[in-house]
Amino acid sequence: MITFIPLTGFLGAGKTTTMTATALALQEQGRKVAVITNDQGVELVDTKLVRSKLDSVAEVTGGCFCCKFEDLVEAIVALVASDDVDTVIAEAVGSCTDLQATVVRPLRQYYGEDMVVAPLTTVVDPLRHLAFARAAERGEPESDLSYLFRQQLTEADVIAVNKLDTISADRAEDLLDSLRKTHPNARVVGYSAGTGKHLGSLLEAWQAPATNQDVQLDIDYDRYAAAEAQLAWMNQELDLTAADGGFDATTWAGTVLEELSAWAAQNDAVIGHAKITVELADGDFAKLSLTESGAGPTLDRAAASAATSGRAVVNARVACEPDALDSAVTEAVEAADRAAGVTSSATTPVSFKPSYPRPVHRLAPAGA
């Protein structure tokens, strides 16, 4: 019997880090674990990092699990068949919701004889949650992005508050208490996937029964689509060559994200996330990420040494028009080239806005 663990949560919440950390922890317990990444586009930065730590990794690209349901099932079947997997953890696109109806229930109904579907887990960045909460407290009209975020919380069996090390202990406890009061059907746990602190509380939550499986979101798909359409999505590849000697891949990627962060802050553009990997000829790579306008990038992995050439992949999800994001990334790359002594050659930017969500299945709770 296969155990399938579905993760959702807004862009930048740390779903990939959570997925990787819990997969490694489950493997230490003797489980054979595979993971599945998911995105509206192709060429995923996260997949490269995950494959550096785990053996069994698959992708579902070109849409969320709800709209690519058959692709998700095929990925699960392939992983189980090729790697003798007993546990699959999958992270949905960060702008996706309504997964109880479109993914969890269909898997249980059509594949329940072969698969146990664990409680649906929504991963939350505390700073993102607090930002949405402050806007509501000021009496601002609920934005479409905030609406999407609220739906992700409403349908959760488990609300997993990640990155608790980024806020004080008092604020963390207040946030956890508030979520428990406002979402009584969900189990709320706090942890840090980056440090591993309290990660066991999340693993324990996955062993408990689903507590919110009868939820039926009263979701406005037009508004859901509008929320997704606020975000421009860019996946771009670049070839990098040192202008003189070698270059520091970490410096180059960090400069791109610093410039993009400053541009977003100046233009009041919300960053869902921006991520870069730079892969070097010897297989080593650097990976950095950004989740907030005006903030500095996070170093997820540094390259060990300087290199004469490399290949970069940029994934950026920003609330702006696609052509504005193309221009911003182009200018950021030019600044990074100057800072790191690099000559870059990029593919044509492929920024786009996601299409209207059209799930393959949408099932009501049993007895509804």
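Everything below is about the structure shown above.
Residues numbered from 1 in each chain as written. Predicted model: local features only at pLDDT ≥ 70, side-chain atom pairs only at ≥ 80, totals over all residues. Heavy atoms only, no water.

Caption draft 1: Spatial organisation of the environment of Lys53. Among the structural elements, Lys53 can be located in the loop between α2 (45-51) and β3 (57-61). Spatially, the C-alpha atom of Lys53 lies 23 Å from that of Phe65, the residues being 12 residues apart in sequence. Ignoring anything within four residues of it in the chain, the contact list for Lys53 reads Thr20 and Leu24. (Helix = DSSP H or I, 4+ residues; strand = E, 2+ residues; numbered from the N terminus. Contact = heavy atoms within 4.5 Å.)

Caption draft 2: View of the nonpolar core. Of all hydrophobic cores here, the largest spans 56 residues; its most connected members are Phe4, Ile36, Cys64, Phe65, Leu107, Ile159 and Val161. The leading source of residues in this core is helix α3 (residues 69-83), at 6 residues. With near-sequence residues (within four places) excluded, Cys64 lies in contact with Asn38, Gln40, Ala92, Val93, Cys96 and Leu99. Listed in part, the 38 residues of the second largest apolar core include Leu257, Ile271, Val278 and Leu290. (Core = buried A, V, L, I, M, F, W, Y, C linked by side-chain atoms within 4.5 Å. Buried < 20%, exposed > 50% of the residue type's maximum accessible area, 1.4 Å probe, protein only.)

Caption draft 3: Structural context of the pattern of salt bridges. In the structure shown here, the tally under the stated rule is 14 salt bridges. Across the salt bridge formed by Arg223 and Glu142, the nearest N and O atoms sit 3.6 Å from each other. Taken together, the residues span a long stretch of sequence, with Arg223 in helix α9 (residues 221-229) and Glu142 in the loop between α5 (126-137) and α6 (144-154) at a distance of 81 residues. Since its relative accessible area comes to 32%, Glu142 is described here as partly exposed. Two residues, Asp177 and Arg180, come together in a salt bridge whose shortest N-O distance is 3.5 Å. (Salt bridge = Lys/Arg side-chain N within 4 Å of Asp/Glu carboxyl O.)

Caption draft 4: Region of interest: the side chain of Asp39. Along the chain, Asp39 turns up in strand β2 (residues 33-39). Asp39 gets classed as buried once you look at its relative accessible area, which sits at 6%. Those residues in contact with Asp39, other than ones at most four positions away along the chain, are Leu44, Val60, Thr61, Gly62, Gly63, Val93, Trp233, Asn235 and Arg317.

Caption draft 5: Highlighting α3. Across its 15 residues, α3 extends 21 Å between first and last C-alpha, which sits within 8% of the 21 Å expected from 1.5 Å per residue. Along α3, the residues that are buried comprise Phe69, Leu72, Val73, Ala75, Ile76 and Leu79. Down the axis of α3, the sector holding all buried residues measures 160°, keeping them to one side. When the buried face of α3 is taken as reference, the exposed residues oriented beyond 90 degrees from it are Glu74, Val77, Ala81 and Ser82. Buried residues in α3 make contact with β1 (2-8), β2, β3, β4 (87-91), α4 (99-111) and β5 (115-117). Directly beyond the C-terminal end of α3, a positive phi value near 55° is found at Asp84. (Expected span 1.5 Å × (residues − 1). Arc of directions from axis to C-beta.)

Caption draft 6: Here's a closer look at the packing of α3 against α4. Put simply, α3 and α4 touch, their axes get as near as 11 Å, and they point 55° apart. The pairing of α3 with α4 is recorded here as oblique in orientation. For the element pair α3 and α4, the recorded crossing hand is right-handed. Every residue of α4 that contacts α3 at Phe69, Leu72 and Val73 is listed here: Thr102, Val103, Pro106, Leu107 and Tyr111. (Axes fitted to C-alpha atoms, helices over the stretch in contact; angles between N-to-C directions. Parallel < 35°, antiparallel > 145°, perpendicular 65-115°, else oblique. Left-handed = near helix turned anticlockwise from the far one by under 90°.)

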